[in-house]
Amino acid sequence: MTAPVTASRGAARWALLALALGSFGIGMTEFTVMGLLPDIAHDALPALWVTSPAAAIAHSGWLISLYALGVVVGAPTIAGFVARFPRHRVMIGLAVALTVGNALTVLAPTFELVAASRFLAGLPHGAYFGIGALVAADVLGPGKRAQGVAFVLTGLTIANVVGVPVGTYLGQQFGWRTAFLAVTVIFGLAAAAIAVFVPAHPGEPGRTLRAELGVFRIGQVWLTLGIGAIGFGGFFAVYSYVAPIVTEVAGSPAWVVPVVLVLMGVGMTVGNLVGGRLADIDLKRTLLGGLMALAAVLTVLALVAHVIVLLAIMVFALGVVSQVLSPTIQTRLMDVAGDNQSIAAALNHSALNIGNSLGAFLGGAVITAGAGFVAPAWVGVVLALAGLVVAASGYRVQRRRVARSTTQPIAVVG
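Q: Please clarify how a nonpolar patch on the surface should be interpreted in this entry.
A: A grouping of Leu-263, Val-266, Val-270, Leu-273, Val-274, Leu-278, Ile-281 and Phe-316 is seen on the molecular surface, where their side chains present a nonpolar patch of about 630 Å² in accessible area. With seven residues, helix H15 (residues 256-281) is the largest single contributor of residues to the nonpolar patch. Along the chain, Phe-316 turns up in helix H17 (residues 308-336).

Next comes the structure, spelled out in structure tokens:
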């Protein structure tokens, strides 16, 4: 274990702001694409757009899935590989990689190359949050670990309030690539800010990728990852197709999409604050109750999606319940990961982005099948309930294991 690298209050604030700027960029690059799917489909898939706009939009949803796949692949491998290197240098390298990945999205001339660039841009995502959380915790010092992690994640939630709607507006007005150009600039600034303000932070020279990957031998880790991958996929099944739901189902103009995304972001910010506190009070009830609430919100959303005011209200509620779940799943994963805390932090983002990929893929599949743009909400209900089953199963297995351990006979020596 490395010694904490506590900074003065002023220095810590600037270091956390630098890290949060990168998480703001991550939130913007991950979620802005969802509001620009019709624009991307029209520009990058013109032939398919002419024959079937719905199919072109669903096809563009693969960009969401590929980014998420990049996160899934990159989070454990990069976090495990870089564990032994100085963390402040790792964070600079990850910010630079995010800059390059998004620049490739801006420059890629064909849909296939754009798709490849989204996969590459997703690779550093999970490691950035995982290693960044460790740096933030140490910068603030003992007793303030959660505050540091929450501050870094605040960049992600603020991105959904400000960055995603602004990026969506820029993309609609000046071409979808403009949004990713803005993201590229943000990551460049984040890399410079991390280099200047984040203090030197040693890695763990004795750690190896093989040792870090030992976390996968823990059964409860797999079950918890399943909660994020399946249950949280219900959120992404709808979030991925917010733009066509607003315009095609509710019949609202395109300018309403950024407004609805702002409401989603505000809901996510509220949920992030509420979720952390509820999880501290009762993790199990928050997790199980959050999944039930997610299924309920998605059900109501599907029923009222044709009325824009009611749709907007339910999108806000969807943002709240999704972010109540996010820190709760993170906490549960770290509880069951034992000594593998750093890779566990990164794996949480792998799980959530499997959910991102799964939700976007299944949502696109039902749209392509002709079920309409409301159908992803019903897919989300099924995924949320499946996640609830996985969560309940995990607690049942844990309870039985505890019961067996307490009934084992005690050996008498002598």
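Moving on from the coordinates now.
Q: Mind showing me how you'd approach the packing of H15 against H17 here?
A: When two helices pack together, their arrangement is given by the angle between their axes and by how far apart the axes lie. At a minimum axis distance of 6 Å, the contact between H15 and H17 shows a crossing angle of 35°. Where H15 crosses over H17, the handedness of that crossing is right-handed. When its residues are assigned to classes, the contact of H15 with H17 shows 17 nonpolar, nine polar and no charged.

Q: How should I be thinking about helix H2 (residues 37-44) in this particular structure?
A: Because each turn of an α-helix spans 3.6 residues, side chains separated by three or four positions end up pointing in the same direction. By the burial criterion, the buried members of H2 are Leu-37, Ile-40, Ala-41 and Ala-44. Taken around the axis of H2, the buried residues stretch over an arc of 100°, which confines them to a single face.

Q: I keep staring at the packing of aromatic side chains and nothing clicks. Help me out?
A: To describe a pair of aromatic rings, one takes the distance between the centres and the angle between the planes. Considering all chains together, one arrives at 11 aromatic pairs under this definition. When the ring of Phe-31 is compared with that of Phe-236, the centres are 6.1 Å apart and the planes differ by 15°; the resulting orientation is stacked. Residue Phe-31 is found in helix H1 (residues 9-35), and its partner Phe-236 is found in helix H13 (residues 233-239); the two are separated by 205 residues along the sequence. Residue Phe-236 is classed as buried on the basis of its relative accessible area of 3%. When the centroid spacing of 5.9 Å and the interplanar angle of 55° are considered together, the rings of Phe-81 and Phe-85 count as tilted. Taken together through their ring pairs, the aromatic side chains of Phe-31, Phe-232, Phe-235, Phe-236 and Tyr-239 make up a single cluster.

Q: Would you explain the pattern of salt bridges in this entry?
A: Pairing between side chains of opposite charge can happen when their charged atoms approach one another. Counted under the stated rule, the structure contains one salt bridge. Across the pair Arg-285 and Asp-282 runs a salt bridge, and its minimum N-O distance is 3.6 Å.

Cut-offs and rules
Starting afresh in each chain, residues are numbered from 1 along the sequence in its written order. Residue-level local features of this predicted model are given only where pLDDT is at least 70; pairs of side-chain atoms are given and counted only at 80 or more, and the full residue set underlies all totals for whole chains, interfaces and linings. Excluded from the side-chain calculations are hydrogens and water; all other atoms, namely the structure's heavy atoms, are used. Patch membership is restricted to residues that have no salt bridge and whose relative accessible area is over 30%. Joining uses 9 Å for like charges and 5 Å for the nonpolar side chains Val, Leu, Ile, Met, Phe, Trp and Tyr. In this description, accessible areas are obtained by the Shrake-Rupley approach with a 1.4 Å probe, and a residue is regarded as covered only by the protein chains that are shown. Any Lys or Arg side-chain nitrogen located within 4 Å of an Asp or Glu carboxyl oxygen qualifies as a salt bridge. A run of H or I in DSSP becomes a helix once it reaches four residues, and a run of E becomes a strand once it reaches two; helices and strands are each numbered from the N terminus. Orientation is described by lines fitted to C-alpha atoms, with helices fitted over the stretch in contact, and by angles between N-to-C directions that extend from 0 to 180 degrees. The crossing is said to be left-handed when, going from far helix to near helix, the turn is anticlockwise and less than a right angle, and right-handed when the turn is clockwise. When residues are sorted by character, Ala, Val, Leu, Ile, Met, Phe, Trp, Tyr, Cys and Pro go into the nonpolar class, Asp, Glu, Lys and Arg into the charged class, and all the rest, Gly among them, into the polar class. A simple rule labels every residue: compare its accessible area, found with a 1.4 Å probe on the protein chains alone, to the largest value its type can have, and call it buried under 20%, exposed over 50%, or partly exposed in between. Arc, as used here, means the arc of the directions from the helix axis to the C-beta atoms. Aromatic contacts are taken between Phe, Tyr and Trp rings whose centres are within 6.5 Å, Trp giving its six-membered ring; a plane angle under 30 degrees counts as stacked, one over 60 as edge-to-face, and the others as tilted.

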